[in-house]
Amino acid sequence: MYLPPHDPHVDDPMRFKPLFRIHLMERKCATVECMYGHKGPHNGHIQIVKKDEFSTKCNQTDHHRMSGGRQEEFRTWLREEWGRTLEDIFHEHMQELILMKFIYTSQYDNCLTYRRIYLPPSSPEDLIQPGLFKGTYGSHGLEIVMLSFHGKKAKGTKITGDPNIPAGQQTVEIDLAHPLQLPDIENLRDFSELSRIVLEVQEQVRREEQQQQQQQEEELSQQAASQPASPLGGEGAEGEETAAGAEGMTQDKASGSQPFVLPMGVISRNEDYPRTCRICFYGTGLIAGHGFTSPERTPGVFVLFDDDRFGFIWLELKSFSLYSRIKVSFQNAQAPSREAFDEMLKNIQSLAT
């Protein structure tokens, strides 16, 4: 199991925890041992479900129990998972979320199903190298997010989840066609000024989507009326040229840097964020109640700091998430094709819902 570093130290390396091991014997025979718990290896079972999927089951879950009962198990988990004790956590809401996570994760007793995930494919036009990132999520602690690029959009997909937003959901979406011009450093401290800029872009995006929808409806009406339309119309070609020009301009801007500071009132788990950034974009972040109830996409700001770090300001929550690249070499994790990667993203999202 790959575990993120202790909250909120996103730049620290990942931690590793063995969950099972397989002994290959003679005559193609094998024994499986569960490594979960604190009493050493014990009898387990592995089953191949289908291609790129298998499940594990512990046959001796009593090895996972502690003499001090659930209370001792919780305190041990807290030290390992969070690097602190319950007495260190004064915020009642945070205590509640941590307890929910413990109950949720411990109920499976290492009876788990594993599915293959691919690393996102990259292209020279990408803003930065796509991949896996550790991110701060307030009282939920650190979570793993996969950043991938899809034309004029970039997506941050949760690989690990929490009681509000499960793994597989698209936590942030970045609109690469709408870079944001931040105010100067003094005005940037004013949250209302940043909010005004973001909401203006949100309204612009809404109008553009409305126009695009109307245009598509008109094209469908024309087709229905048997009026052939040239696939190489002047407007389409001009639109492509404009998009390409905007992409080039974005790349130019991304090579520079500008001063950055969080506006007053925006909460950050990690105050050690970079004080300069390359470029910012309009984006949306997914928020929901416990159990993924009433999910909605809300406006925010994607902040690119450097090749290995980015941030997201959640406007409605007045919160800031800092993300740092996971620098682990995963063998044989590349997708065989873009289509295979897109199919995988759809699959993990459907599992989450």
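Residues numbered from 1 in each chain as written. Predicted model: local features only at pLDDT ≥ 70, side-chain atom pairs only at ≥ 80, totals over all residues. Heavy atoms only, no water.

### Section: the overall build of the protein chain
Next up, step 1: Assigned secondary structure in the protein chain consists of six helices and 18 strands.
Next up, step 2: Here the C-alpha coordinates of the protein chain stretch approximately 70 × 55 × 35 Å along the principal axes.
Next up, step 3: Per-residue burial for the protein chain yields a buried fraction of 40% across its 353 residues.
Next up, step 4: At a minimum sequence separation of 6, the contacts of the protein chain that also span at least 24 residues come to 55%.
Next up, step 5: Accessible surface for the protein chain amounts to roughly 20000 Å². Of this, 51% is attributable to carbon and sulfur atoms.
Next up, step 6: Computed over 37 positive and 50 negative side-chain charges, the inter-centroid distance for the protein chain is 8 Å. (Helix = DSSP H or I, 4+ residues; strand = E, 2+ residues; numbered from the N terminus. Buried < 20%, exposed > 50% of the residue type's maximum accessible area, 1.4 Å probe, protein only. Contact = heavy atoms within 4.5 Å. Areas by Shrake-Rupley, 256 points an atom, 1.4 Å probe, with all protein chains shown as cover. Lys, Arg positive; Asp, Glu negative; His and termini not counted. Charge placed at Lys NZ, Arg CZ, Asp CG, Glu CD.)

### A word on the pattern of salt bridges
Next up, step 1: Applying the stated rule across the entire model yields 26 salt bridges.
Next up, step 2: The closest approach of N and O atoms between Arg269 and Asp7, which form a salt bridge, is 2.3 Å. Note that Arg269 is positioned in the loop between strand 13 (267-268) and strand 14 (276-277) and Asp7 in the loop between strand 1 (2-3) and strand 2 (15-16), a separation of 262 residues in sequence.
Next up, step 3: The exposure class assigned to Arg269 is partly exposed, which follows from its relative accessible area of 30%.
Next up, step 4: Accessibility expressed as a relative area gives 6% for Asp7, which makes it buried.
Next up, step 5: Between Arg65 and Glu73 there is a salt bridge, with the nearest N and O atoms lying 3.3 Å from each other.
Next up, step 6: Among the residues examined, Arg65 registers a relative accessible area of 30% and is labelled partly exposed. (Salt bridge = Lys/Arg side-chain N within 4 Å of Asp/Glu carboxyl O.)

### Notes on unusual backbone geometry
Next up, step 1: Put simply, Asp7 and Pro8 share a cis peptide bond, and its omega is 0°.
Next up, step 2: One can find Pro8 in the loop between strand 1 and strand 2.
Next up, step 3: Positive phi is not limited to glycine here, since Asn110 has a value of about 65°.
Next up, step 4: Tracing the sequence through the fold places Asn110 in the loop between helix 2 (92-106) and strand 7 (112-115).

### Details of the environment of Ile128
Next up, step 1: Take Ile128: it is sitting in the loop between strand 7 and strand 8 (131-136).
Next up, step 2: Residue Ile128 is classed as buried on the basis of its relative accessible area, which comes to 5%.
Next up, step 3: Here Ile128 is in contact with Phe133, Leu147, Phe149, Arg278, Leu304, Asp306, Asp307 and Arg325, once residues within four sequence places are set aside.

### Regarding the pairing of strand 11 (residues 170-180)
Next up, step 1: Among the 11 residues that make up strand 11, eight are buried, leaving the element largely enclosed by the rest of the structure.
Next up, step 2: As defined by bridge partners, strand 10 (residues 153-158) adjoins strand 11 across five bridges and the pair is classed as antiparallel. Within strand 11, the residue paired with Lys153 across the bridge is Asp175.
Next up, step 3: Pairing of strand 11 with strand 15 (residues 279-289) involves five bridges; the strand directions are antiparallel. The residue of strand 15 that forms the bridge with Pro179 is Phe281. (Pairing = 2+ DSSP bridges.)

### So, the packing of helix 1 (residues 69-82) against helix 2
Next up, step 1: Look at helix 1 against helix 2: their axes get within 11 Å of each other, and the N-to-C directions meet at 105°. Here helix 1 lies roughly perpendicular to helix 2, going by the angle between them. From helix 1, Arg70, Glu73, Phe74, Trp77, Leu78, Glu81 and Trp82 reach across to helix 2, where they touch Met94, Ile98, Leu99, Lys101, Phe102, Thr105 and Ser106. (Axes fitted to C-alpha atoms, helices over the stretch in contact; angles between N-to-C directions. Parallel < 35°, antiparallel > 145°, perpendicular 65-115°, else oblique.)

### Observations regarding the domain arrangement of the protein chain
Next up, step 1: Domain boundaries assigned for the protein chain yield domain 1 (2-115) and domain 2 (131-196 + 255-351).
Next up, step 2: If you average the C-alpha positions of domain 1 and of domain 2, the two centres end up 27 Å apart.
Next up, step 3: With 21 residues of domain 1 at the contact, the number on the domain 2 side is 21 residues.
Next up, step 4: For the pair domain 1 and domain 2, the two sides together bury roughly 1800 Å², of which 66% comes from carbon and sulfur.
Next up, step 5: Of all residues in domain 1, Val10, Met14 and Leu97 bury the most surface against domain 2, accounting for 31% of the area lost on that side.
Next up, step 6: Across the contact surface, domain 1 and domain 2 share two salt bridges.
Next up, step 7: Between Asp11 and Arg309 there is a salt bridge, with the nearest N and O atoms lying 3.8 Å from each other.
Next up, step 8: The interface formed by domain 1 and domain 2 includes five residue pairs in polar contact (both at pLDDT 80 or more).
Next up, step 9: For the side of domain 1 that touches domain 2, the element with the highest residue contribution is helix 2, accounting for seven residues.
Next up, step 10: Grouping the amino acids of the side of domain 1 that touches domain 2 by side-chain chemistry returns 11 nonpolar, three polar and seven charged. (Domains from an automatic or database assignment. Buried area = accessible area lost by both parts, 1.4 Å probe. Polar contact = N/O pair within 3.5 Å; in protein donor to acceptor, adjacent residues only side chain to side chain. Nonpolar A, V, L, I, M, F, W, Y, C, P; charged D, E, K, R; others polar.)

### Some details on the confidence of the model for the protein chain
Next up, step 1: Residue-level pLDDT values for the protein chain average 86, and 90% of them are 70 or greater.
Next up, step 2: Taken as a whole, residues 229-253 scores under 50 in pLDDT and shows 12 contacts with residues more than four places along the chain or in a different chain. (pLDDT = per-residue confidence, 0-100.)

### Observations regarding helix 4 (residues 191-224)
Next up, step 1: If you check helix 4, its first and last C-alpha atoms are 49 Å apart, about what 34 residues at 1.5 Å a residue would give, namely 50 Å.
Next up, step 2: Three or more residues of helix 4 are buried, namely Phe191, Leu194, Ser195, Ile197, Val198, Val201 and Val205.
Next up, step 3: Of the surrounding elements, those touching the buried residues of helix 4 are strand 11, helix 3 (185-188), strand 15, strand 16 (293-304) and strand 17 (309-314). (Expected span 1.5 Å × (residues − 1).)

### Concerning the sheet that holds strand 4 (residues 30-34)
Next up, step 1: Strand order in the open sheet formed by five strands is 3-4-5-6-7, with antiparallel pairing between adjacent strands. The sheet is open, and its two borders are formed by strand 3 (20-24) and strand 7, each paired with just one other strand. Each strand of the sheet is rotated relative to its neighbour by a mean of 35°, with strand direction disregarded.
Next up, step 2: Examined bridge by bridge, strand 5 (residues 42-50) and strand 6 (residues 53-58) share six bridges and lie antiparallel to one another. Note on strand 6: the bridge partner recorded for His45 is Lys57.

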